[in-house]
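Architecture at a glance
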Amino acid sequence: MQGNKLSYQNSSQECTTVRAKKMQKRFLHKDGSCNVYFKHIFGEWESYVADIFTTLVDIKWRHMFVIFSLSYILSWLFFGLVFWLIAIQHGDLVHDEEITPCVAKVHSFTGAFLFSLETQTTIGYGFRCVTEECSVAILMVVLQSVLSCIIDTFIIGAALAKMATARKRAQTIRFSYYATVGLRDDKLCLMWRIGDFRPNHMVEGTVRAQLLRYMEDMEGRMTMEYKDLKLLNDQVILVTPVTIVHEIDHDSPLYGLDRKALAKDSFEILVTFVYTGDSTGTSHQSRSSYVPREILWGHRFNNVLQVRKKYYNVDCLQFEETTEVYAPYCSAKQLVRKEHEWNRTKKTLDRGTSTSTLEVRDTSFKAVALISSSEDPEDLMKAVNQDSRELPYQKDPLTLNRISAKSKI
């Protein structure tokens, strides 16, 4: 029985380890690319062809160059074949001077291909031309000219859009490799840094952060839970590097995690920065993520901004650098509880001190009142004799006066 229990515990631990390793895979890479692959998409090619312009913008440059070349070459070959078939049908390949050809100086497929290339690219060498003999040839020239404009519009437009895509602008927006957890205004906060390293900065930007937690049940099914992180400075103008701060309060999903629990937990913090470029006026987005092993507890970022006499100096070498500082290892929840207990104890001590002070002041007031209200020394001695049971003072008026002076001090 003990052997079975040990084997069962070992197997359960191994399963837990395997699950933890599976769940440690990133959802979002540091460069912003998603670690997600789709399989068996229904209507994949139909969706790509239906939105051909977006497809051309999203594909890689080498695929773009192949499509760019093939679109022209195939159109030249197609219309060259059509002109060649028209020439065969009309009998232009037979060298007969009495027959007016549909396309002058076209006696082979090579000549028809060259005429198609000259027509679509509007070279116009003046050697080959279409005549008034065949209306079909004229119609093909019109169709080829229209198709040439359509191809130029799609290819050139897609190339320009691809060059101005957000991915290129996003390469100059940099996130710090590590995030830190430390005290800020006596509150535990999660912090990371964003910087823009171009001379022309963006107009405005919005930062957003979400905590993605991986959950796996006993049947092996994985679910993902998203929770927004409230940021203290989500609207930024990124002229200089900015440290983004998330206060770990009772609304934060990190509220109950201490240093060890955070390191052992399985989650991922997805951060995005949406901004408008100053040069183009278009909206861009930069992304990154942080896993528990990339969160440094008890660290803070070094200062990158230095004030000079006439300008501000940004030391880019300090962008990633951090310094280890004091931070409690407990969670924010435990820290708040300890603060409440300390405040409650402090109030109790203050109340006890104020009560004892009031008692001393009341006693001294009675002694002073006794001395000041008696003008005759004999009356004073009588009053002291009457209150001798309540006040543990001597009957000498000078002694009472000295006690009252000490109480005041």
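Because the structure is predicted, anything quoted here is derived from the model rather than measured.

On to the overall build of the protein. Check the secondary structure of the protein and you find eleven helices and 16 strands. Counting the 409 residues in the protein, one finds 33% classified as buried. Contacts in the protein between residues far apart in sequence, at least 24 positions, make up 64% of those at least 6 positions apart. Here the protein has roughly 27,200 Å² of accessible surface; of this, 58% comes from carbon and sulfur atoms.

In this section: the side chain of S331. Structurally, S331 is set in the loop between β16 (322–324) and α9 (332–373). Judged by its relative accessible area of 3%, S331 falls in the buried class.

Following the criterion strictly, the structure yields seven salt bridges and no others. A salt bridge links R128 to E118, with the nearest nitrogen and oxygen atoms 3.6 Å apart. Placement of the pair is R128 in the loop between α5 (109–120) and β2 (129–130) and E118 in helix α5, with a sequence separation of ten residues. Here R208 and D228 are joined by a salt bridge, their closest N and O atoms 3.5 Å apart. Placement of the pair is R208 in strand β6 (residues 205–216) and D228 in strand β7 (residues 222–228), with a sequence separation of 20 residues. For R208, a relative accessible area of 47% puts it in the partly exposed group. When salt bridges with common partners are traced through the structure, they connect R26, K30 and E294 into a single cluster.

With that settled, consider α5. When the terminal C-alpha atoms of α5 are compared, their 17 Å separation across twelve residues agrees well with the 16 Å that a helix rising 1.5 Å per residue should span. Among the residues making up α5, those that are buried are G111, A112, F115, S116, E118, T119 and Q120. Turning to α5, the residues buried within the fold contact α4 (61–90), β1 (103–104), β2 and α6 (135–163). Positive backbone phi, at 50°, marks T122, one or two positions downstream of α5.

What follows covers the packing of α4 against α6. Running from amino to carboxyl end, α4 crosses α6 at an angle of 180°, the nearest separation of the two axes being 11 Å. What the angle tells us is that α4 and α6 run roughly antiparallel. Residue classes in the contact of α4 with α6 are distributed as 19 nonpolar, three polar and two charged.

For α6, which comprises 29 residues, the first-to-last C-alpha distance of 42 Å matches the rise-based estimate of 42 Å (1.5 Å per residue) to within 8%. Taken together, the buried positions of α6 are occupied by A137, M140, V141, Q144, S148, I151, I155, A158, A159 and K162. Where α6 is buried, its residues touch α3 (52–58), α4, α5 and β2.

This part takes up the packing of α5 against α6. Their axes nearest at 9 Å, the elements α5 and α6 cross at an angle of 55°. It follows from the interaxial angle that α5 and α6 lie oblique. Viewed along their axes, α5 and α6 form a crossing whose handedness is right-handed. The segment α5 lies against α6, with F115, S116, T119 and Q120 engaging V141, Q144, S148 and I151. Taken together, the residues of the contact of α5 with α6 sort by class into three nonpolar, five polar and no charged.

Looking now at the nonpolar core. Grouped together as the largest cluster of nonpolar side chains are 35 residues, with contacts concentrated most on L190, W192, I194, I269 and F273. If you list the elements that add at least two residues to this core, you get β3 (173–175), β4 (179–184), β5 (187–196), β6, β9 (242–247), β10 (267–276), β12 (295–297) and α9. Filtering out sequence-adjacent residues up to four positions away, I194 remains in contact with I173, R174, F175, V207, L238, P241, V242, I244, F273 and F319. Of all hydrophobic cores here, the second largest spans 13 residues; its members include I86, F115, C134 and A137.

This part covers the side chain of R128. A distance of 3.3 Å separates the side chain of R128 from the backbone oxygen of K105, its partner in a polar contact. Not counting residues up to four positions away in its chain, the partners in contact with R128 are A104, K105, V106, G111, L114, F115 and E118.

Mapped onto the fold, A263 is located in helix α8 (residues 259–264). C-alpha separation for the pair A263 and L296, spaced 33 residues apart in sequence, amounts to 9.4 Å.

Quick look at the packing of aromatic side chains now. Under the definition given, this model contains nine aromatic pairs. The lysine or arginine in question, K30, covers the ring of Y177, its NZ or CZ lying 4.8 Å from the ring centre.

To continue, consider the pairing of β6. Relative to strand β8 (residues 235–236), β6 runs antiparallel, the two being bridged by two bridges. By the bridge assignment for β8, G205 is matched with V236. Judged from the nine bridges that link them, β6 and β10 form a sheet pairing that is antiparallel. Across the sheet, A209 pairs through a bridge with V271, a residue of β10. Two elements, β6 and β7, share seven bridges in a ladder whose sense is antiparallel. Paired with L211 across the strands is K227, a residue of β7.

With that out of the way, let us pick up the pairing of β4. Remark: a regular strand shows side chains that alternate across the two faces of the sheet. Sheet topology note: the β4/β12 ladder contains three bridges and is parallel. Considered in β12, the bridge of V181 is made with W297. Bridge analysis of β4 against β5 gives five bridges, and the strand direction is antiparallel. Bridged to V181 within β5 is L190. Between β4 and β5, which pair antiparallel in sequence order, lie two residues; one of them, D185, sits at a positive phi of approximately 60°.

Thresholds, definitions, all that
- Residues numbered from 1 in each chain as written.
- Predicted model: local features only at pLDDT ≥ 70, side-chain atom pairs only at ≥ 80, totals over all residues.
- Heavy atoms only, no water.
- Helix = DSSP H or I, 4+ residues; strand = E, 2+ residues; numbered from the N terminus.
- Buried < 20%, exposed > 50% of the residue type's maximum accessible area, 1.4 Å probe, protein only.
- Contact = heavy atoms within 4.5 Å.
- Areas by Shrake-Rupley, 256 points an atom, 1.4 Å probe, with all protein chains shown as cover.
- Salt bridge = Lys/Arg side-chain N within 4 Å of Asp/Glu carboxyl O.
- Expected span 1.5 Å × (residues − 1).
- Axes fitted to C-alpha atoms, helices over the stretch in contact; angles between N-to-C directions.
- Parallel < 35°, antiparallel > 145°, perpendicular 65-115°, else oblique.
- Nonpolar A, V, L, I, M, F, W, Y, C, P; charged D, E, K, R; others polar.
- Left-handed = near helix turned anticlockwise from the far one by under 90°.
- Core = buried A, V, L, I, M, F, W, Y, C linked by side-chain atoms within 4.5 Å.
- Polar contact = N/O pair within 3.5 Å; in protein donor to acceptor, adjacent residues only side chain to side chain.
- Phe/Tyr/Trp six-rings, centres within 6.5 Å; stacked < 30°, edge-to-face > 60°.
- Lys NZ or Arg CZ within 6 Å of the ring centre and 35° of its normal.
- Pairing = 2+ DSSP bridges.

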